[in-house]
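# Reading the structure
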Amino acid sequence: MRKIVIAALAASMLVPTMASAQSRGEVRRDRQEVRRDQQEVRKHLRNGDYRAADRARQETREDRRELREDWRDYRATHRQVYQRGAYAAPRGYNYRPVNAGYRFAPAQYNSRYWLNNYSTYRLPNPGYNQRWMRYGNDAVLIDTRRGVALRVISAFFF
């Protein structure tokens, strides 16, 4: 019996298991594929081929959905990365859920709340004058000049 158990364990170690999360390179390629799909939609619309544009839009939606699912798999398998300490709001401010377009007070988006290692969390690169910040358990992309939320990912941290 012992030999059977050892043989089964050895076989399970040799058989490659399916990875549930993508590597960074695969994520980058998937994002490039979504961008190419968007360019294809614009090209079809310029040429007046609306049926082809609809097919390309559908393909773009499917690629985005797949990218989100892959990110969720990564997040589920790397929980320790997304577990942070308690959020301490600035004095006089309390957390309340926000949407894109919400304007933060300067005390709420100062450098104390910035996510400087956004690639660790597989967040897209912020643009010029943009920053990822932590707000409660959310990740928020803000315009640093005006303090306006550009994108909000709710319940980002555990």
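Placed above this text is the structure.
Now for a look at the structure at hand.

Among the secondary structure elements, asparagine 110 is positioned in the loop between α3 (50–77) and β1 (130–135). C-alpha of asparagine 110 to C-alpha of threonine 144: the two residues are 34 residues apart in sequence and 9.0 Å apart in space.

Let us look at the packing of aromatic side chains. For the structure shown, the criterion picks out eight aromatic pairs. Measuring from ring centre to ring centre gives 4.9 Å for tyrosine 95 and tyrosine 135, while their planes differ by 40 degrees; the resulting arrangement is tilted. Of this pair, tyrosine 95 sits in the loop between α3 and β1 while tyrosine 135 sits in strand β1; the two residues are 40 residues apart in sequence, bridging distant segments of the chain. On the basis of relative accessibility, which here comes to 1%, the residue tyrosine 135 falls in the buried class. Taken together, the ring pairs connect Tyr87, Tyr95, Tyr102, Phe104, Tyr113 and Tyr135 into an aromatic cluster. Taking NZ or CZ as reference, arginine 122 lies 3.8 Å from the ring centre of tyrosine 74, over its face. The ring of phenylalanine 157 carries arginine 134 above its face, with NZ or CZ at 5.1 Å from the centroid.

Before going further, it helps to examine the sheet that holds β1. The sheet built from three strands is open, its strands ordered β1-β2-β3 with antiparallel pairing. One side of each edge strand has no neighbouring strand; the edge strands of this open sheet are β1 and β3 (148–153). Neighbouring strand axes in the sheet, compared pairwise and without regard to direction, differ in orientation by 30 degrees on average. Summarising the sheet, β1 and strand β2 (residues 138–143) pair through six bridges and their orientation is antiparallel.

The rules we used
Residues numbered from 1 in each chain as written. Predicted model: local features only at pLDDT ≥ 70, side-chain atom pairs only at ≥ 80, totals over all residues. Heavy atoms only, no water. Helix = DSSP H or I, 4+ residues; strand = E, 2+ residues; numbered from the N terminus. Phe/Tyr/Trp six-rings, centres within 6.5 Å; stacked < 30°, edge-to-face > 60°. Buried < 20%, exposed > 50% of the residue type's maximum accessible area, 1.4 Å probe, protein only. Lys NZ or Arg CZ within 6 Å of the ring centre and 35° of its normal. Pairing = 2+ DSSP bridges. Axes fitted to C-alpha atoms, helices over the stretch in contact; angles between N-to-C directions.

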